[in-house]
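Observations on chain architecture
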Amino acid sequence: MIVFYRALLRLYPAVFRDEYGDDLLAMFEEKLRTTSALSAFFSAIADVIPNAIAVHWDLLRQDLRYAARSFRNSPGFALTAILIIALGVGANTAAFSLADFTLLRPLPFPHPEQLVLLWNAVGDYAQNQASPAIYRDWKSMAKSFSGVAGYTGGAGNLTGRGNPVRLRIARVTPDLFALIGVPAQIGSVITPSNAGDGSVAVLSQQLWRSQFGSDRGVVGQTVRIDGKPFTIVGVMPSRFRFPDRDTEIWTPFVFAPDAFEDRSDSYVNVVARLKPDVTIERARAEAAALSANIKRQHPEDDPTSWIYVMKMRDLVSGRSRMLVLALCGASLCILILACANLASLLIARGMSRMRELSIRTALGAGRDRLIRQLVTESVMLAIAGGIIGIALAKSSLPLLTKLVPTTLPIEEVPSIDGRVLAFAAILVAITGIVFGIIPALRRPDSRRRRVRGTLVVIEIMGSVVLLISSGLLMRAIWQIQSVSPGFRTDGVLALNTALPLPKYGRTGERERFYHRVLDEIRALPGVQSAAYTTGLPMVRTAGLWNVEIAGRDPRANKNLASLRFITPGYFDTLRVPLIRGRAFTDGDTGDRPFVAIVSDSLAKQLWPGQDPLGRTIKLATKERTIVGVVADVRVRGLEQKSEPQVYLPSGQVEDNGIIGYIPQDLAVRASLPPEQLLPQVRRIIAAADPEQPVSSVRPLSDVVEGETAPRRVQLRLLAILSAIALLIAGVGIHGLLSFGVLQRTKELGIRRALGAQAGEIVALVLREGMQLFAIGAVTGVFVALLAGRSMSALLFGVPPSDPRTIAAAVGVCLMTALIGCTRPVLRAARVDPNKALREE
Amino acid sequence: MSITPLPEATFHILLSLAEEEKHGYAIIQEVEARTERELRLSPGTLYRSIQRMLEQGLIVESNRRPARALDDERRRYYRITPAGLAAARTEMRRLMELVRLGRQRGLAPESA
């Protein structure tokens, strides 16, 4: 019983227990003598627990009062510490929320880990769509999945509700919503029973709000998309995004009977759900067997094709992942720096408070009590810093959204939620408790100085690593921006007109529209040229086609190229250099010989060392004669390898043929600013067809600059982090040396008295600072080389050991260190031997 | 910092120590006897109050020990300070003022 009571007494703070434990124990023994053991047991519990809490609370209040007083006495220390913690917590909270959002958090669907995408990979091009026939084969034959569904992205014009609006549409097979497993918020999703002939639609929450005024009676209403009526059957919840974050409306994907004829006409994205007990490895093994099986049955399929089973989560590209991870690494670096600096600060404070603490010890405060006091102080600092840090992180989130890949079916802006806050709280707790205890530990002064020296080395090292990394990324961006896209963007305005089917399925109808619009635009003052095309480079990628040549086995020679239909004037508008032959003219119509223009790399690949002009290729169902060769264009963006290109005249395609490739992108080269040009272009298009919405208007230069936007955001973040690191390191080195000089005032005074010159004293102090700098810089360069190698995918060929970058980074850091040394060095030089000796 | 109204336990401890120096257990017994078992301080409450009262300077630990035969080595004795007496008086005044106000409104228990 006594043992039990002793254990119970441990609930009290040690100070209290030491003071009154014996008395309490004596009373408990007394109680045992007078009452039954059971009653003593319960009354002891009822007594100790509430009183222990109350005593803890009393102590805490006392400590808080004491801490507040001591911070008021040294506000500089408190503010510096709070600022450092805020920076460390802020950077890490922001980085973690981004990483959590894009890499960790499960997709917002039931059992998201079961969701996979199936791609009809061809050779090295893994993420290719499937044809309806191949999709049907997979759906009927694959055993690993509880469901397989298809979808395709598109756009359409919503008309009949004021101005025509361009919508991002996803057409989904009727079983897709059931497979994803998210129910509608209002009404119903698309199901096999309501899909019918495909004239139903489900609205996204965003579209429902913006276009339908959040009308709950919207179900059952009819909307017209591209002139065709659709009955609204439901509205999705606001967090539902599929297949990407831009989709606004879903309609059923119903295949026409003849859709299954051409096995190479690929436009279906395939999503599947793994059966609960099937791993992705097993699904991949099955897919490999399935692919071989299908190719045996269909020798006409591409022999290099295979089925790529990919987790839906992996839609984040390797590059995005790397961007986020690099950011996390950098933030972690900042946190280590912040902790190092904080520890250093607290140690210094601990040393300067030695007198105060000794007095308190002499007055009877136990060691535990002092540690408790110090931890309370540092936790207070940590909480204050943490709150500011979280606010910093929250305000930086809009900047971070540019790093969130658009391909993920998630919302745009990362949120600060419970997980992120928990993460931040853990950071705060660690910094607060660990660095509160360090100064309370009894160490000889020399040890403490060595610890502080090590901390400064860490700070220098971290700054060097961050500076080198940002330097390398900056050089990578310069390198990428110096890459020629293969066309000129200055003065080109890009926009999209819809050309809805079925009206514009007829080639003649389209050509009339192009002629009228382009002629009128070209007649505008200040306009040099204008053209329509299938997918402007970097705006929309066009599909890959196999260019066949008579007499060569189409399966042995894979000559993949992207296909674009263009109107005359295209190469002039984009300033794509014509290398040989001629560009298309108004004479290249459907009743004239079919012609094609290829890019330089394709010409060299098909006819190495020979003249490509006059040769014939088979492409898009027709034999076509090569009339020209143009320079290659980086259609997939500045950083990616682009496939060769083939261009065909917009008029040389049969009615309703290859309708996915109808030229809808308009490019206008003009010396007018866009805001003057655009209203005139809109007027011309509206006059030609009032039911034509104009969308995606932007200067082409924005598109190419947008290519490097995530990188520039990341660079800006890294630059900010580097600046923070430099600041912390500078403060650290300054603090250490200042304190050292202060402590050595007597020694320095004796040296002066013994005849040392001011210069020698300066050298003495400076040497200490520079030694720390040298150690930190050398290890920093070494770590940066390792870090650079692991992020080489982001460096676009810039070697991690780039000497100029390293030299610049070390130089900047050296400057900071020297600035940090200045004040202590000056103070040391000014030590007056008489005063210094008298003070002791 | 104002310490009024005093917590009940504090007031009773002051009353108890106003007569003479006592150790903790004696305080508990005295309070219990004086209030006719109305108020029984638990050991935890007692020492928590004592600790706070020491900090507030209402009482001090006493060095004087009773006759050796009666002394228990483990026991500490407490003595009221002038500040403690003043606090007790202030509290008395506060209570009397309350009683006076109650009487004015005809709330005296004897007239109920």
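Scoring rules and cut-offs
- Residues numbered from 1 in each chain as written.
- Chains lettered and ligands numbered in written order.
- Predicted model: local features only at pLDDT ≥ 70, side-chain atom pairs only at ≥ 80, totals over all residues.
- Heavy atoms only, no water.
- Core = buried A, V, L, I, M, F, W, Y, C linked by side-chain atoms within 4.5 Å.
- Buried < 20%, exposed > 50% of the residue type's maximum accessible area, 1.4 Å probe, protein only.
- Contact = heavy atoms within 4.5 Å.
- pLDDT = per-residue confidence, 0-100.
- Helix = DSSP H or I, 4+ residues; strand = E, 2+ residues; numbered from the N terminus.
- Pairing = 2+ DSSP bridges.
- Axes fitted to C-alpha atoms, helices over the stretch in contact; angles between N-to-C directions.
- Salt bridge = Lys/Arg side-chain N within 4 Å of Asp/Glu carboxyl O.
- Nonpolar A, V, L, I, M, F, W, Y, C, P; charged D, E, K, R; others polar.

Details of the nonpolar core
- Leu381, Ile460, Leu466, Ile468 and Leu721 of chain A are the most contacted members of the largest nonpolar core, which has 74 residues in total.
- Discounting chain neighbours no more than four positions away, the residues touching Leu381 of chain A are Phe71, Phe77, Ala78, Ala81, Ile82 and Ile85 of chain A.

Let's talk about the confidence of the model for chain B
- Per-residue confidence for chain B gives a mean pLDDT of 82, with 84% of residues at or over 70.
- No element of chain B has a lower mean pLDDT than strand S1 (residues 22–23) of chain B, which averages 86, and none a higher one than helix H4 (residues 82–104) of chain B, which averages 90.

What to know about the sheet that holds S1 of chain B
All names here are of chain B.
- Strand order in the open sheet made by the three strands is S1-S3-S2, with antiparallel pairing throughout. Every interior strand has two partners, whereas the edge strands, S1 and strand S2 (59–62), have only one.
- Taken together, the two bridges between S1 and strand S3 (residues 77–80) define a ladder with antiparallel strand orientation. Bridging across to S3, Lys22 finds its partner in Tyr78.
- Along the sheet, helix H1 (residues 8–19) contacts S1, S2 and S3; its crossing angle with S3, the most-contacted strand, is approximately 90 degrees.
- Strand contacts of helix H3 (residues 43–56): S2 and S3, with the helix running at about 105 degrees to S2, the strand carrying the most contacts.

A short note on the interface of chain B and chain A
- Contact residues are listed per partner, giving 20 residues for chain B and 18 residues for chain A.
- Along the contact surface separating chain B from chain A lie two salt bridges.
- Of the charged contacts in the structure, one is a salt bridge between Asp58 of chain A and Arg52 of chain B, with a shortest N-O distance of 3.2 Å.
- Elements represented by at least two residues in the side of chain B that touches chain A include exactly helix H2 (24–34) and H3 of chain B.
- For the side of chain B that touches chain A, the class distribution of residues is eight nonpolar, five polar and seven charged.

Concerning the pattern of salt bridges
Residue and element names in this part refer to chain B.
- Scanning the model with the defined rule gives 25 salt bridges over all chains in all.
- Where Glu61 meets Arg76, a salt bridge forms, and the shortest distance between an N and an O atom there is 3.3 Å. A residue pair is termed long-range when its members are at least 10 positions apart, and Glu61 in strand S2 and Arg76 in the loop between S2 and S3 qualify at 15 residues.
- The salt bridge partner of Glu91 is Arg94, with a shortest N-O separation of 2.9 Å. Linking Glu91 with Arg94, this pair stays in helix H4, spanning three residues, or about one helical turn.
- According to the relative accessible area criterion, Arg94 is partly exposed, its value standing at 31%.

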